[in-house]
Amino acid sequence: MQNNKFYKLGMVAVFTLVLAACQSSTDDMGDSGMDDMDNGSMSSGNNTGGGNASGVGDNMGGLTPAQIRERDEALATTVFYFEFDRSDLSAEARQALVYHANRLMENSSLRYRLEGHADERGTREYNLALGERRAQAIERYLQVQGVSSNQLEVISYGEEQPVDPGTSEAAYARNRRVEIH
Amino acid sequence: MITRFYRFLFLCCGLFPSFANAQLNIVITQGVDNPVPIAVVPFEWEGFGLLSEDIDKVISNNLRNTGEFAPIDPANMLSQPNEQDEVYFRDWRFLGSDFLLVGKISRNENSQLIQVQYEFFDVLREERLFGEVITGNESQLRDIAHKISDLVFEEVTGVRGAFSTKILYVTEDQTRQFPYRLEMSDTDGGRPRILWEGEEPIMSPSWSPDGSQIAYVSFETGRSQIFIQNISSGVREQLTNFTGINSSPVFSPDGNRLAMVSSKDGNPDIYLMDLRTREVQRITNHFAIDTEPSWTPDGNSLIFTSERSNTPQIYQVNLETRWEERLTFEGNYNARARMLSDGNNMIIVHRFDNNDDFHISVLNLERGTIRILTETALDESPSIAPNASMVIYASKSGNRGILNAVSIDGRVKFRLPSAQGNVREPAWSPFLD
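Note that the coordinates shown come from a computational prediction; the quantities given were computed from them, not determined experimentally. (Residues numbered from 1 in each chain as written. Chains lettered and ligands numbered in written order. Predicted model: local features only at pLDDT ≥ 70, side-chain atom pairs only at ≥ 80, totals over all residues. Heavy atoms only, no water.)

Engineer: What is the right way to look at the overall build of chain A in this model?
Structural biologist: Assigned secondary structure in chain A consists of seven helices and four strands. Of all 181 residues assigned to chain A, the portion counted as buried reaches 49%. Looking at chain A alone, contacts between residues at least 24 apart form 76% of all its contacts between residues at least 6 apart. Entry remark: accessible area of chain A is about 8,400 Å², with carbon and sulfur atoms responsible for 53%. (Helix = DSSP H or I, 4+ residues; strand = E, 2+ residues; numbered from the N terminus. Buried < 20%, exposed > 50% of the residue type's maximum accessible area, 1.4 Å probe, protein only. Contact = heavy atoms within 4.5 Å. Areas by Shrake-Rupley, 256 points an atom, 1.4 Å probe, with all protein chains shown as cover.)

Engineer: Mind showing me how you'd approach the overall build of chain B here?
Structural biologist: A tally of helices and strands in chain B yields four helices and 31 strands. Counting every position in chain B, which comprises 433 residues, the buried fraction comes to 54%. Considering only residue pairs separated by 6 or more positions, chain B has 43% of its internal contacts joining residues 24 or more positions apart. Here chain B has roughly 19,300 Å² of accessible surface; of this, 48% comes from carbon and sulfur atoms.

Engineer: Could you clarify how one ought to interpret the sheet that holds strand β12 (residues 213-218) of chain B in this entry?
Structural biologist: Each strand in a sheet pairs with its neighbour through backbone hydrogen bonds, running either in the same direction (parallel) or in the opposite one (antiparallel). Residue and element names in this part refer to chain B. With antiparallel pairing, the four strands of this open sheet are ordered in space as β11-β12-β13-β14. Looking at the sheet topology across the chains shown, the edges are occupied by β11 (202-207) and β14 (236-238). Each strand of the sheet is rotated relative to its neighbour by a mean of 20 degrees, with strand direction disregarded. When β11 meets β12, the two strands line up antiparallel, connected through four bridges. Looking at β12, one finds that I202 is bridged to S218. (Pairing = 2+ DSSP bridges. Axes fitted to C-alpha atoms, helices over the stretch in contact; angles between N-to-C directions.)

Engineer: Looking at this structure, I do not really get the interface of chain B and chain A. What am I missing?
Structural biologist: One frequent convention defines the size of an interface as the accessible area lost when the parts assemble. Contact with chain B, which involves 38 residues of that partner, is made by 27 residues of chain A. R223 of chain B is the partner of E153 of chain A in a salt bridge, and the nearest nitrogen-oxygen pair spans 3.3 Å. At the boundary of chain B and chain A, one finds 15 residue pairs in polar contact (both at pLDDT 80 or more). Looking at the side of chain B that touches chain A, the elements with two or more residues in it are β11, β15 (246-251), β19 (290-295), β20 (301-309), β23 (333-339), β24 (345-351) and β31 (422-428) of chain B. Considered class by class, the residues forming the side of chain B that touches chain A number 15 nonpolar, 13 polar and ten charged. (Salt bridge = Lys/Arg side-chain N within 4 Å of Asp/Glu carboxyl O. Polar contact = N/O pair within 3.5 Å; in protein donor to acceptor, adjacent residues only side chain to side chain. Nonpolar A, V, L, I, M, F, W, Y, C, P; charged D, E, K, R; others polar.)

Engineer: Quick question: what am I supposed to make of the nonpolar core here?
Structural biologist: Generally speaking, soluble globular proteins have nonpolar side chains that are buried together. Counting residues in hydrophobic clusters, the biggest one holds 49 residues, and the most contacted among them are L258, L302 and I347 of chain B. When residues no more than four places from it in sequence are discounted, the contact partners of L302 of chain B are A259, I270, L272, S294, W295, Y315, Q316, V317 and L319 of chain B. (Core = buried A, V, L, I, M, F, W, Y, C linked by side-chain atoms within 4.5 Å.)

Engineer: Quick question: what am I supposed to make of the pairing of strand β28 (residues 390-397) of chain B here?
Structural biologist: Successive side chains on a regular strand alternate, one facing one side of the sheet and the next facing the other. Residues and elements named next belong to chain B. In terms of burial, β28 is a largely internal element, seven of the eight residues being buried. Inspection of the sheet shows strand β27 (residues 380-384) paired to β28 by three bridges, in the antiparallel sense. Bridged to E380 within β28 is A394. Pairing geometry for β28 and strand β29 (residues 400-407), over eight bridges, is antiparallel. Paired with M390 across the bridge in β29 is S407. If you look at the hairpin formed by β28 and β29, you'll find two residues sitting between the two strands, and G398 has a positive phi there, around 65 degrees.

Engineer: What am I meant to see in helix α5 (residues 91-106) of chain A here?
Structural biologist: Residues that lie three or four places apart on an α-helix share one face, since the helix turns once every 3.6 residues. If you check α5 of chain A, its first and last C-alpha atoms are 23 Å apart, about what 16 residues at 1.5 Å a residue would give, namely 22 Å. Of the residues making up α5 of chain A, those classed as buried are A93, A96, L97, V98, Y99, H100, A101, N102, R103 and L104 of chain A. (Expected span 1.5 Å × (residues − 1).)

Engineer: How do you make sense of the packing of aromatic side chains when you look at a structure like this?
Structural biologist: Two measures describe an aromatic ring pair: the distance that separates the ring centres and the angle between the ring planes. Residue and element names in this part refer to chain B. All chains considered together, the criterion is met by eleven aromatic pairs over all chains. Ring geometry for Y216 versus F227: centroids 6.4 Å apart, planes at 20 degrees, classification stacked. Of the two residues, Y216 is situated in strand β12 and F227 in strand β13 (residues 225-230); the sequence distance between them amounts to eleven residues. Look at Y216 and you get buried, because its relative accessible area is 0%. We classify F227 as buried; its relative accessible area is 2%. Among the aromatic residues, those joined into a cluster by ring pairs are F99, Y118, F120 and F130. Positioned above the aromatic ring of F431, the side-chain terminus of R160 is 3.6 Å from the ring centre. We note R236 situated over the ring of W196; from NZ or CZ to the ring centre the distance is 3.3 Å. (Phe/Tyr/Trp six-rings, centres within 6.5 Å; stacked < 30°, edge-to-face > 60°. Lys NZ or Arg CZ within 6 Å of the ring centre and 35° of its normal.)

Engineer: What is the right way to read the pattern of salt bridges from this model?
Structural biologist: On inspection of all chains with the given rule, the structure shows 46 salt bridges over all chains. In this structure, R113 of chain A engages E115 of chain A in a salt bridge whose closest nitrogen and oxygen atoms are separated by 2.8 Å. For E115 of chain A, a relative accessible area of 10% translates into the label buried. In this structure, R107 of chain B and E138 of chain B form a salt bridge, with 3.9 Å as the shortest nitrogen-oxygen distance. Here the residue R107 of chain B occupies a position in strand β5 (residues 99-107), and E138 of chain B occupies one in the loop between β7 (127-136) and α4 (141-157), the gap between them amounting to 31 residues. Because the salt bridges share partners, they merge into one network encompassing E53, R142, D143, K166, D186, D188 and R191 of chain B.

Engineer: Just to check I follow, could you spell out the side chain of E125 of chain A for this structure?
Structural biologist: As for its position among the elements, E125 of chain A is in helix α6 (residues 124-144). Comment: no salt bridge for buried E125 of chain A; closest opposite-charge side chain is R336 of chain B, at 7.3 Å. Aside from chain neighbours lying at most four places away, what touches E125 of chain A is M203, S204, S247, S248, T291 and E292 of chain B. (Lys, Arg positive; Asp, Glu negative; His and termini not counted.)

Engineer: It is not clear to me how the side chain of N364 of chain B should be interpreted in this structure. Could you clarify?
Structural biologist: Here N364 of chain B lies in strand β25 (residues 359-364). Sequence-distant contacts of N364 of chain B, defined by excluding residues within four places in its chain, comprise N344, N345 and T369 of chain B.

Engineer: Help me understand the sheet that holds β29 of chain B, please; the structure alone is not making it clear to me.
Structural biologist: Residues and elements named next belong to chain B. Reading across from one edge, β1-β30-β29-β28-β27 is the order of the five strands in this open sheet, with antiparallel pairing throughout. Each of the sheet's edge strands pairs with one partner strand only, and the pair in question is β1 (27-30) and β27. Going from strand to strand, the sheet's axes swing by 25 degrees on average, the running direction of each strand aside.

Structure (structure tokens):
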């Protein structure tokens, strides 16, 4: 219950930030061409992407250094993790995805390839389906924020491409993921 | 001189890269309590030079690896006959051997063909059971050995031998230029051959019922799509080009249709593809995951995995009436079912309640009982031998994927480890003749 309340507060804060960021981008029409180009050329290089985007927004959005840091960290988050046999997004994931959604809406030429993965427990074909469901969970969340569906592509690799070949719970946790590319 | 010869061989292999170099080697880990003692006498070679295969060794290993036979060490044999006239049954009774196989190999005078003559005897009844002369070229020595093994196995056990069949499997080795390979070998791991290789994952190989074609999933286009490939010609074709997942292809018993999974309409459901028209027809329509279809032996129904009741369980759908029925109720994970030809027993991947491990198990549909066949933690991808004697499956040993096999009665176990990399998703061929 407490968690829930905290989560709601967090979401309010996030939406406020998003509004602020949207505001800054619409105010900034003159620079948007350059902005698009920058982001379009590095659809998967998220650290630099965050940096560039904030460069535009800094002056106009009136964000504090702390808020800028939060946004840059969110945009640098390109891997999202899941519980076993689950596809629900954590509160942290939702928070970061709001920034990603915002960036996608600001740059209509930007496209995300959402690659879903599973750990090796369970059968391969079932895990292929599970990986897809995880990537779709992120796709849907971004769409709810207003991102156009033609900016998003969902691929599942199931358990075929683990980042960690180990059999520990920690290794499995690292493998249950969606990567933004 | 010898080194030069080997260098020459090596070069030849380089020119024909379809032959894999890291073969699987069978290791029997558990046999039956009272295996049948049998003597496989070394076959005499009457020609010049060395033969590329020891027929008698292949036969004797084949029989030993079923766990049902205990071949006698040739070093302990009192005599080494090669034909009926040289056989003294008392020698073999003395060694406790119930059966005796003898033979010899010669080169045909007028051609380069090889002739293998063999005879099989019942020692206790002092009777010649059968024998024949098989002609072939030298590259077929292994095929001849497998054929003799099949006949001996059937004579003694009453079950048709499956030594002349093949297995498909996927290997992955990130140190290779093409990490993912689809390979085919003899059931003992011999004569591995690469059927496809690439930089992207390969999944779910399966055989057409006549053994001439295979279907599998490749990610080479950037997402999972189904491909079909003719084994002898190598001709290959992409069958699906939908968005989403396209996977889990399984040929119908008549070979005309392919059961498959696609999420092209939103989430994974079961579809049928008519292989003549390439038309795709939707079979299940549920918001839960439906996957891993396979056929009932009569071809009238599909069994599949669905998590519509929250955990993965096995369901059956009648293709005519579309009636759907749940088949598994015990355990929190039942998946990838393959039905035995009796229509009453299914091999499944099973995890019982409050347990983390996945085991290959047999579900008896009439009685509703589940019998667990394996004890390692991550057992998956079971595939049934065409004579229904063994199930080959994938498991993990340390961090490496390996293949294992277990008899359906649980008494016999063997492993097929690879020297390097991961091996997985074995698919046992149908009978090939």
